[in-house]
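Chain and residue survey
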Amino acid sequence: MADKDSVAMLIDSTTSKIQQLQQAFSELESHNAFLLNLKWKQLEEHFRGLEKSLKTRFVELEAQEREFETKLTESQQLIEEREAVVLAKELASLDRLQQKRDAAFSEILGKRKACNANLEPNLNTRVTKSKVEESSKSKNDEIGVIESKPCTELEILCRDMNVEGLHKYISDNRKNLTVIREEIPNALRCVQDPCGLVLDSLKDFYSGDNLVLDGKKDGNLLGMRRTCLMLMESLEQVRNTEKSRDEFGSKSVIKRAKGIALGWKPKLDLMDMDASNGNSLEAHAFLQLVATFDIVSEFGEEELCKLVPAVSRRRQTPELCRSLGLSPKMPGVIDVLVNTGRQIDAVNLSYAFGLTEQYAPVPLLKSYLKEVRKLSNTRSGSMTPGAQNEMEERELSALKAVIKCIEEHKLEDQYPIDPLQKRVAQLEKAKADKRRAVEASKPQSKRARANGSIYTTRVTPPYSEKSFYQRATPERYPYPYVYPVETHHPTTVIGAAPYTISPPHTAYYGNGYQVHYQPAPYIH
């Protein structure tokens, strides 16, 4: 509306503007009357035409605006009328729906009253029976909830403190060790004296240590020791998750644990820990005993640190050292590993304890390979063929162990593995060529069978292919340390494999960083 008024005012002011312009031209007539008079007439006609045109257009726009406002008003009225019709229909529908709901509710209420009237004579009888049943159920619950959930055989053996039966059960079910490992903590929670049960299971740990079968330790004894270790680990898990160390074990239990540990320590001192290749089951069991029953003060951190290199390749070692409070001492342990040619173990422990800045992994791995190659090159001229094959096998094992370590710790950018893999392929090809040459040079003894076919005897290589887990022979050079390659062994009776070879429990006991090592939780 304001715009309309302003336009009208401007149109009205055109006449006054024209008059002012005419006066200005009149003052100039004295100078040149004929020319100015002619120009003014032209200008006046032009402005008068514009004024008339603007007024005509303004009148037309006003008429259109009035027409539009009329149509808008009519449309709004029509919309309001339609909204009123729709609202009336909705209210009518709601009224009908409410009537139907009221009718249905009344019908249901009437039927319910009739039903209650028929059931009322039996109501008192049912209430009495319900109270009796609830009372009986409550008494049964108080007698024992165990009847609703039967105990497993493992829980029964633990509850009955049946140590021999427990060992036999685990040995017979060695194929289900993963399930058993998960069930043992729950079974120990059912025992009134879990510490006593675990300590009882350790009584025969060294009883058959003098048994040797074909130059190897008794497999049954090794299986029993692994079971003892698993029980101690499970007991520590129960202690850490449920009760404090002060409340869990009594003074008599701690005294028994100290006695067992003091009996084991001299036996460990007599063992050749270097022969265990960082995978000593006995040292691991001793450290676990000390950690489980919290008797570190009985031996001191320095004595315990001396045993860590003997278990450096077992995957539980990092968490076990933390449980023993040996984390501040780990730089010294890593130094021992580096100085004894076990740089791969040193790299793994440095990652586990966040010491990679102090012990850079790549230089350690390179120095390890350098020592292996240096030893091989210096002795190659004076070696027998068997010893030379042995040295090549050592280099091959070292290369594979380094490659495995690089891949596990994502060091490919700092230490490319392509040259190492090429060297591995070269050594494996040379090994295969030598084996074929040896077999071809041997005379083949043939024997005719009944069906006319020829029977050929099997020819074995003249050089040794024994596992690197075994102790060094006069042809084996103990420095630098040689890490065994990853092998796969068939499933056998628990502990039947030689101790230095990966046992059937490899899924539950880690036997080497290059195969199983990972900084995993302690209770596996």
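By convention here, each chain's residues receive numbers from 1 onward along its written sequence. The predicted nature of this model means local features are confined to residues of pLDDT at least 70 and side-chain atom pairs, given and counted, to a pLDDT of 80 or more, with totals for whole chains, interfaces and linings taken over all residues. Side-chain metrics rest on all non-hydrogen atoms present in the structure, leaving aside hydrogens and water.

**Description of the overall build of the chain**
For helices the rule is a DSSP run of H or I covering at least 4 residues; for strands it is a run of E covering at least 2, with both sets numbered from the N terminus onward. When helices and strands are counted, the chain shows 18 helices and four strands. At a minimum sequence separation of 6, the contacts of the chain that also span at least 24 residues come to 73%. Here a residue-residue contact requires only that any non-hydrogen atoms of the pair lie within 4.5 Å.

**Quick word on helix α15 (residues 343-352)**
Burial analysis of α15 places nine of its ten residues in the buried class, the great majority of the element. Within the sequence span of α15, burial applies to Q343, I344, D345, A346, V347, N348, L349, S350 and A352. Two residues or fewer after α15 comes G354, characterised by a positive phi angle close to 65°. Exposed residues in this analysis have more than 50% of their type's maximum accessible area, buried residues have under 20%, and partly exposed residues fall in between, with area computed by a 1.4 Å probe over protein chains only.

**A word on the pattern of salt bridges**
Salt bridges are identified by distance alone: a Lys or Arg side-chain nitrogen within 4 Å of an Asp or Glu carboxyl oxygen. If you walk through the whole model with that rule in mind, you get 22 salt bridges. Measuring nitrogen to oxygen at the nearest pair gives 3.3 Å for the salt bridge that ties K55 to E51. You can see K55 and its partner E51 sitting in helix α2 (residues 33-119), four residues apart, about one turn around the helix. With its nearest N and O atoms 2.6 Å apart, the salt bridge here joins R225 to E282. On the criterion of sequence distance, the pair formed by R225 in helix α8 (residues 219-241) and E282 in helix α11 (residues 281-292) is long-range, its members being 57 residues apart. Summarising the burial analysis for this pair, R225 and E282 share the class buried. If you follow the salt bridges from partner to partner, you end up with K265, D269, E303 and K306 in one network.

**Notes on the packing of aromatic side chains**
In summary, the pairing rule links any two rings of Phe, Tyr or Trp, Trp by its six-membered ring, whose centres are within 6.5 Å, and it sorts them by plane angle into stacked for under 30 degrees, edge-to-face for over 60 and tilted for everything else. What the rule picks out here adds up to four aromatic pairs. In textbook terms, an aromatic cluster arises when at least three aromatic residues are bridged by ring pairs, as seen for F205, Y206 and W264. Between the NZ or CZ atom of R225 and the centre of the ring of F205, over which it lies, the distance is 5.0 Å. Two conditions define a charge sitting above a ring: the NZ of Lys or the CZ of Arg must be within 6 Å of the ring centre, and it must be within 35 degrees of the ring normal. R322 extends its terminal NZ or CZ atom over the ring of F353, reaching a point 4.8 Å from the ring centre.

**A closer look at helix α5 (residues 163-172)**
Within α5, the full set of buried residues consists of V163, G165, L166, H167, Y169 and I170. In this structure, the buried residues of α5 make contact with α4 (153-159), α6 (177-189), α7 (194-201) and α8.

**Describing the confidence of the model for the chain**
Averaged over all residues, the pLDDT of the chain equals 76, while 70% of them reach at least 70. Of the regions scoring below 50 in pLDDT, residues 452-479 engages in 64 contacts with residues more than four places distant in sequence or in other chains. Predictor confidence is given residue by residue as pLDDT, running from a minimum of 0 to a maximum of 100. Of the regions scoring below 50 in pLDDT, residues 487-524 engages in 113 contacts with residues more than four places distant in sequence or in other chains.

**Considering the packing of helix α14 (residues 330-339) against α15**
When two helices pack together, their arrangement is captured by the angle between the axes and the distance separating the axes. To obtain each axis, a line is fitted to C-alpha atoms, and for helices this fit is confined to the stretch in contact; angles are then taken between N-to-C directions over 0 to 180 degrees. Where α14 meets α15, the closest approach of the two axes is 7 Å, and the angle between their N-to-C directions is 160°. In terms of orientation, α14 and α15 fall into the roughly antiparallel class. Where α14 crosses over α15, the two elements pack in a sense that is left-handed. Where α14 approaches α15, its residues M330, V333, I334, L337 and V338 are matched on the opposing element by Q343, D345, A346, L349 and S350. Residues are sorted three ways: Asp, Glu, Lys and Arg are charged, Ala, Val, Leu, Ile, Met, Phe, Trp, Tyr, Cys and Pro are nonpolar, and all the rest, Gly among them, are polar. Partitioned by chemical class, the residues of the contact of α14 with α15 number seven nonpolar, two polar and one charged. An angle below 35 degrees is treated as roughly parallel, one above 145 as roughly antiparallel, one from 65 to 115 as roughly perpendicular, and anything else as oblique. Note: crossing handedness is left-handed where the near helix turns anticlockwise from the far helix by less than a right angle, and right-handed where it turns clockwise.

**Remarks on the packing of α6 against α8**
Following both chains from N to C, one finds α6 and α8 inclined at 50°, their axes separated by 9 Å at the closest point. In terms of orientation, α6 lies oblique with respect to α8. The hand of the α6/α8 crossing is right-handed. Between α6 and α8, the residues in contact are L177, I180, R181, I184, P185, L188 and R189 and M230, L231, S234, L235, Q237, V238 and T241, respectively. Across the contact of α6 with α8, the residue classes break down as nine nonpolar, three polar and two charged.

**Regarding unusual backbone geometry**
One non-glycine residue with positive phi stands out, namely M161, at about 55°. With respect to the helices and strands, M161 occurs in the loop between α4 and α5. Using a relative accessible area of 30% as the deciding quantity, one classes M161 as partly exposed. Phi at N277 is positive, roughly 55°, even though this residue is not glycine. Position of N277 among the secondary structure elements: in the loop between α10 (251-270) and α11.

**A short note on the environment of N389**
By the element assignment, N389 lies in helix α17 (residues 385-408). Sequence separation between N389 and K434 is 45 residues, and the spatial gap between their C-alpha atoms is 9.0 Å. Think of a polar contact as two N or O atoms within 3.5 Å of one another; within protein, one of them needs to be a possible hydrogen donor and the other a possible acceptor, and neighboring residues in sequence only count if both atoms come from side chains. Looking at N389, its side chain comes within polar contact range of the side chain of K434, at 3.4 Å.

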